[in-house]
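Coordinate inspection notes
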Amino acid sequence: MNIWVVVSLVSGVISVAAAVFYYRWVFQQDAGSEQAQRVARWIEEGSQSYLKKLYVALTMLSVGMAIVLAIIFGLQVSPGYGFTIAVTFIFGAVSSSVAGYMGMSVAVKGNVRTATAAERGLVPAFKVSINSGAVMGLAMVGMALIGMSLIYLLTESPEMVLGFSFGASMLALLAKAGGGIYTKTADIAADLVGKVEVGIPEDDPRNPAVVADNVGDNVGDVAGMGADILDSYIASAVAAMLLGAALPNVSADQRMMYTVFPLILCMLGSFASLIGLQFVRVREGGKPGPALNSGTVYTTVIFAAMVAAVILLSDIDTAALWATLAGLITGVVIGFTSDFFTGDDRPPVVETAKVSGSGAAITIITGFSYGLISIVPSIIGIVIAMLIAYFVAEASPVITGVYGVGISAVGMLSITGMIVSADAYGPIVDNARGIAEMAGMSPEVVEVTDILDAAGNTAKAITKGFAISAAALTVLALFSAYASEVYQAMLELDIAAQPMVISLLDPLVIAGIFLGAATPPLFSALTMLSVTHNAFDMIEEIRRQFRERPGILAGTEEPDYVACVSLASQDALKALIFPAFLAVALPLIVGFVMGPEPLGAFLGGAIFTGILFALLMANAGGLWDNAKKYVESGYFGGKGSEAHKASVVGDTVGDPFKDTAGPSLNTLITVMSLASSLFAPVIAAFHIF
């Protein structure tokens, strides 16, 4: 089994090396004209400035949290245990930071190079953009594999890998929420003043918020979204490892084999993603969307074949194969289901665009309704994957049903390298379109970047559906891992004779469910209110510049882009304080005050509402965005029409839905579950009720 762990570690190194190779290749491409490079520098400097402030704040938070972990576990278990768990926590936070920084660094290099390559046509522009996105996908998977494999190799303790996962998830939550607040602050302000009030195009250089908007794409959709999926990726593996280590009625060797099996799946997925990326190609005159989808399909097939070969040639029970395939297939199906509700030529988007001619209210009602409907297929898919994985594994004489659910989550997330590469492609081509507009490139270049951008929106919607569904299975596995950790702790304390039971007849359990169910809506409200408050400040700044400096709209004077960038950075960081408290402190307060069973109920309530809200927000937001783009492409009156104005309002409502609150909910429920599992031994020993 140690050999498999070493191979997993090596695969992580290979994945990071491939990311570095792609980074160097992108950097060697033509960066374009001086004007294009000037615009790109504005975006790069703004992105670097925000990430520097964010990582300084997160460093202080991580060090503080590590000290708390060292003290609590040092007193409860042993000083050595406390120190080790603190170190793994810091390692997880650093790994998440490095992956996010690598992805964002190449994104701000790849955007201008994609725009420049578009002068030569669709094919070279697509190649630059997807190779840029691959840096994020491969770096993220590589850092996760290196971290998990190295820690397990040194400690042979899944609990220590849990500390690594908690560190990565803490940083991911704040990176995604902060990046989401930043990007939507700028996006909403730029759209409402630029498009609606003044009537200038989306990426017009006369808009003072246009650079901040493009910066937001990088800090929110590249660094933030990458950290978000990294969090689920690691957490799913850790949950399955904890469940494998707790398998009853198996030998020590078998227990270690099933503990390491999630790392084997992640390793095979990294190789499958590397191979699948080679199939992502587009022909001149073709569409990027099918090319991105074909990469996902090829990666899925290659991964499934690899897993089948490893399991059939080893002593691993074939039930683990079916559980893995159940999660894998369901993840892909759910991802493409999101495409039906958010695709730019799908019936829901077309209908929402059509009714926009009757005003913004109808636009919002229609998009919100389709968002609610979109929950159903994903939930059905999650339920099917969970039931298949559970009962197939439960029928095995070796593994348990909950272990099967954990493995299905790992199976779903194992192809993350390919999924994140396609997701990071989206903001890169979005930036490329903005640079082409701001640098005054030819209409043909803008048209090529528009084609790339349309596929990017759909790719992001598919990724969000995939990520939310994977998070659902992950937190279900983490929930089981939490119950297992509590039971093991109570056995050691001689206060439990049977596994933890959560009864709806217990008023403390009911209280826990209600508190947990209320947390995701509260978190969503806080993050979206942060966006509206910050956007209000930026709108006033844009209006002030237009009012006091009329030369800006006349095109004779350059706006103060730095003012909007600084405003977005400062406000986004301030808004992170209370969401961080909700994620970590609230479940621990519930646990220490009300006990292990009510905390389990709290996690259950948060999981149910969190998944529903995340699906609704991601799909409704993507639908409103593409309805606006559908109108802008010339349908139902085109740009400047009443339908266009209403669709812009709908898109503005959807922005914090799909890019701030919705994706952050995945990480919220994961962080709460990880914190509960990590502190389970302490909560089992010390609680008031």
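So, here's what we can say about the structure.

Reading the values: rules and limits
- Residues numbered from 1 in each chain as written.
- Predicted model: local features only at pLDDT ≥ 70, side-chain atom pairs only at ≥ 80, totals over all residues.
- Heavy atoms only, no water.
- Helix = DSSP H or I, 4+ residues; strand = E, 2+ residues; numbered from the N terminus.
- Rg over C-alpha atoms; globule rule 2.2 N^0.38 Å.
- Buried < 20%, exposed > 50% of the residue type's maximum accessible area, 1.4 Å probe, protein only.
- Contact = heavy atoms within 4.5 Å.
- Areas by Shrake-Rupley, 256 points an atom, 1.4 Å probe, with all protein chains shown as cover.
- Lys, Arg positive; Asp, Glu negative; His and termini not counted.
- Charge placed at Lys NZ, Arg CZ, Asp CG, Glu CD.
- Expected span 1.5 Å × (residues − 1).
- Core = buried A, V, L, I, M, F, W, Y, C linked by side-chain atoms within 4.5 Å.
- Salt bridge = Lys/Arg side-chain N within 4 Å of Asp/Glu carboxyl O.
- Polar contact = N/O pair within 3.5 Å; in protein donor to acceptor, adjacent residues only side chain to side chain.
- 1 Å grid on protein atoms, 1.4 Å probe; cavity = no way out; pocket = protein on both sides within 12 Å on 5 of 7 lines; lining within 4 Å.
- Points joined across faces, edges and corners; volume = space filled by probe spheres on them.
- Nonpolar A, V, L, I, M, F, W, Y, C, P; charged D, E, K, R; others polar.
- Axes fitted to C-alpha atoms, helices over the stretch in contact; angles between N-to-C directions.
- Parallel < 35°, antiparallel > 145°, perpendicular 65-115°, else oblique.

Counting secondary structure elements, the protein contains 21 helices and zero strands. The C-alpha atoms of the protein give 24 Å as radius of gyration, which agrees with the globular expectation for 689 residues (26 Å, within 12%). Projected onto its principal axes, the C-alpha positions of the protein cover 80 × 50 × 45 Å. For the protein, the proportion of its 689 residues judged to be buried stands at 64%. Taking all contacts inside the protein whose residues are at least 6 apart in sequence as the whole, residues at least 24 apart take part in 85%. A total of about 22700 Å² of accessible surface is found on the protein, and carbon and sulfur atoms cover 67% of it. Mean positive and mean negative side-chain charge positions of the protein (32 and 53 charges, respectively) differ by 8 Å.

In a regular helix each residue adds 1.5 Å, so 41 residues correspond to 60 Å; helix α5 (residues 158-198) covers 57 Å between its end C-alpha atoms and thus fits that length. With 36 of 41 residues buried, α5 lies mostly within the body of the structure. Downstream of α5 by one or two residues, Gly199 has phi in the positive range, about 80°.

The next point concerns unusual backbone geometry. The phi torsion at Glu156 lies on the positive side, around 50°, for a residue other than glycine. Topologically, Glu156 is positioned in the loop between α4 (122-155) and α5. According to the relative accessible area criterion, Glu156 is partly exposed, its value standing at 41%. Here the phi dihedral of Phe636 falls at roughly 55°; this positive angle occurs in a residue that is not glycine. Counting through the fold element by element, Phe636 comes out in the loop between α19 (596-632) and α20 (642-678).

Moving on, we come to the nonpolar core. For soluble globular proteins, the rule of thumb is that nonpolar side chains tend to be buried together. Core analysis: the largest hydrophobic core is formed by 138 residues, its most contacted members being Leu69, Met148, Phe166, Tyr233, Ile234 and Phe261. Excluding its chain neighbours within four sequence positions, the residues that come into contact with Phe166 are Met65, Leu69, Phe89, Val584, Val671, Leu674, Ala675 and Leu678. Val39, Val108, Ile188 and Ala439 belong to the second-largest nonpolar core, a separate cluster that totals 87 residues.

What follows deals with the environment of Ile181. Following the sequence through the fold, Ile181 ends up in helix α5. Counting along the chain gives 391 residues from Ile181 to Ala572, while the straight-line C-alpha distance between them is 5.6 Å. The contacts of Ile181, once residues within four sequence positions are left out, are Thr527, Ser530, Val531, Asn534, Ala572, Ala575 and Thr660.

You can see Glu485 is positioned in helix α14 (residues 443-492). One buried charged residue, Glu485, remains without a salt bridge, the closest side chain of opposite sign being Arg255 at 11 Å. For Glu485, the residues in contact, after removing those within four places along its chain, are Glu159, Leu242, Ser677 and Ala680.

This brings us to the side chain of Arg113. Along the chain, the position of Arg113 falls in helix α3 (residues 79-117). The charged side chain of Arg113 is buried without a salt bridge, its nearest counter-charge being Glu44 at 7.0 Å. Looking at Arg113, its side chain comes within polar contact range of the main-chain oxygen of Val26, at 3.2 Å. Of the polar contacts made by the side chain of Arg113, one reaches the backbone oxygen of Phe27; its length is 3.4 Å.

Applying the stated criterion across every chain yields a total of 18 salt bridges. Between Arg206 and Asp204 there is a salt bridge, with the nearest N and O atoms lying 2.8 Å from each other. By relative accessible area, which is 8% here, Asp204 ends up buried. A salt bridge links Arg544 to Glu541; its shortest N-O distance comes to 2.8 Å. Separated by three residues within a single helix, Arg544 and Glu541 lie in helix α15 (residues 507-548), roughly one turn from each other. A relative accessible area of 27% places Arg544 in the partly exposed class. Each of Lys184, Asp187, Asp625, Lys628, Lys629, Asp651, Asp655 and Lys658 takes part in a single network of salt bridges with overlapping partners.

Roughly 570 Å³ of volume is contained in the second largest pocket. Taken together, the elements giving at least two residues each to the lining of the second largest pocket come down to α11 (360-394), α12 (401-413), α14 and α19. Counting residues per element, the lining of the second largest pocket draws most heavily on α19, at eight residues. Here the lining of the second largest pocket is built from residues that sort into 20 nonpolar, four polar and no charged.

It is worth spelling out the packing of helix α9 (residues 318-342) against α11 at this point. In helix packing, the relevant descriptors are the interaxial angle and the interaxial distance, both defined with respect to the helix axes. Put simply, α9 and α11 touch, their axes get as near as 8 Å, and they point 175° apart. Classed by the angle they form, the pair α9 and α11 counts as roughly antiparallel. Residues Ala319, Trp322, Ala323, Ala326, Thr330, Ile334, Thr337 and Phe341 of α9 form the contact with α11, whose participating residues are Tyr370, Ile373, Ser374, Pro377, Ser378, Gly381, Ile382, Ala385, Ile388, Ala389, Val392 and Ala393. Per-class residue counts for the contact of α9 with α11 are 15 nonpolar, five polar and no charged.

Before going further, it helps to examine the environment of Glu437. Residue placement: Glu437 occurs in helix α13 (residues 416-438). You can call Glu437 partly exposed: its relative accessible area is 24%. Note: C-alpha distance between Glu437 and Ile85 (352 residues apart in sequence) is 49 Å. Beyond its immediate sequence surroundings of up to four residues, Glu437 is in contact with Pro201, Asp203, Asp204, Pro205 and Val446.

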